[in-house]
Amino acid sequence: MKTAYIAVWILTTALWWPTIVLAEGLVDPESMLSEHNAIRSQHELPPLRWSPSLAEDAAAWADHLAEQESCRMVHGESGQGENLFWASPRRWSDGRTVIQPIEPEEVVQHWAAEQAFYDYATNTCRSGEQCGHYTQIVWEETEEVGCAKRICPDQSQLWVCRYHPPGNVVGRKPY
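Owing to the predicted nature of the structure, the values given are computational and were not obtained by experimental measurement.

Sheet strands pair via backbone hydrogen bonds, and the direction of the pair is either parallel or antiparallel. Strand order across the open sheet formed by four strands is 4-10-11-5, with mixed pairing between neighbours. Since the sheet does not close on itself, it has two edges, and those belong to strand 4 (49–50) and strand 5 (81–87), each with one partner. As paired elements, strand 4 and strand 10 (residues 144–151) share two bridges and run parallel to each other. Following the sheet pairing, Trp50 is matched in strand 10 by Val145. Helix 2 (residues 52–68) contacts strand 4, strand 5, strand 10 and strand 11 (157–164) of the sheet and is inclined by roughly 30° relative to strand 10.

Below, the structure written as structure tokens:
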């Protein structure tokens, strides 16, 4: 079953922010951009812009993962930068399973927390750790981001952000 996409326009401070609405959830571009750009500003990097096209690509990939991959986190081969986030459902002692309330800021902060594992001097991650989500966020040449989420049949959720131009070029530092 395909998810229907509905474009919603939110008026904020004289700017229109396109938002992708999935049948199960909403990704707020303003929150995603604000959090990404707060992290980038720590390194005096230019702010990212929201890309409706990247958000549509992210939504299509989230749909694919939910429908074809049983909501497993599998990176796409789109040629775009990509960060993935998965959250389990909340399970209650009475057997109920519900969607966890996850905010865009939490998703981006989860990726940004990998900064603790990144060594700028050697441009490497600590052994056994990941830091590529963080370095994609702070990749200096990246200009645009677009994100989407999908609620999976088991009430878990999958978030996808796509970036252009992509980061994490082997042998190069992010900034």
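Now, onward.
What follows concerns unusual backbone geometry. In the segment running from His164 into Pro165, the intervening peptide bond is cis, with an omega of -20°. Checked against the element boundaries, Pro165 lands in the segment after strand 11. The backbone of Asn168 shows a phi angle near 60°, a positive value even though the residue is not glycine. Structurally, the position occupied by Asn168 is in the segment after strand 11.

Taking 1.5 Å of rise per residue, 13 residues should cover 18 Å, and helix 1 (residues 29–41) covers 18 Å from first to last C-alpha, within 8% of that figure. Here helix 1 has its buried residues at Pro29, Ser31, Met32, Leu33, Glu35, His36, Asn37, Ile39 and Arg40.

Throughout the structure, instances matching the rule amount to three aromatic pairs. Ring geometry for Tyr118 against Tyr120: centres 6.4 Å apart, planes inclined by 75°, an arrangement best described as edge-to-face. Residue class for Tyr118 comes out buried when judged on its relative accessible area of 11%. Taking the relative accessible area as the measure of exposure, Tyr120 reaches 32% and is therefore partly exposed. Arranged with centres 6.1 Å apart and planes meeting at 50°, the rings of Tyr118 and Tyr134 form a pair that is tilted. Of this pair, Tyr118 sits in strand 8 (residues 118–119) while Tyr134 sits in helix 4 (residues 132–137); the two residues are 16 residues apart in sequence, bridging distant segments of the chain. Tyr134 carries the same exposure label as Tyr118, and that label is buried. Ring pairs connect the aromatic residues Tyr118, Tyr120, Tyr134 and Tyr175, which therefore count as one cluster.

Criteria and thresholds
- Residues numbered from 1 in each chain as written.
- Predicted model: local features only at pLDDT ≥ 70, side-chain atom pairs only at ≥ 80, totals over all residues.
- Heavy atoms only, no water.
- Pairing = 2+ DSSP bridges.
- Helix = DSSP H or I, 4+ residues; strand = E, 2+ residues; numbered from the N terminus.
- Contact = heavy atoms within 4.5 Å.
- Axes fitted to C-alpha atoms, helices over the stretch in contact; angles between N-to-C directions.
- Expected span 1.5 Å × (residues − 1).
- Buried < 20%, exposed > 50% of the residue type's maximum accessible area, 1.4 Å probe, protein only.
- Phe/Tyr/Trp six-rings, centres within 6.5 Å; stacked < 30°, edge-to-face > 60°.

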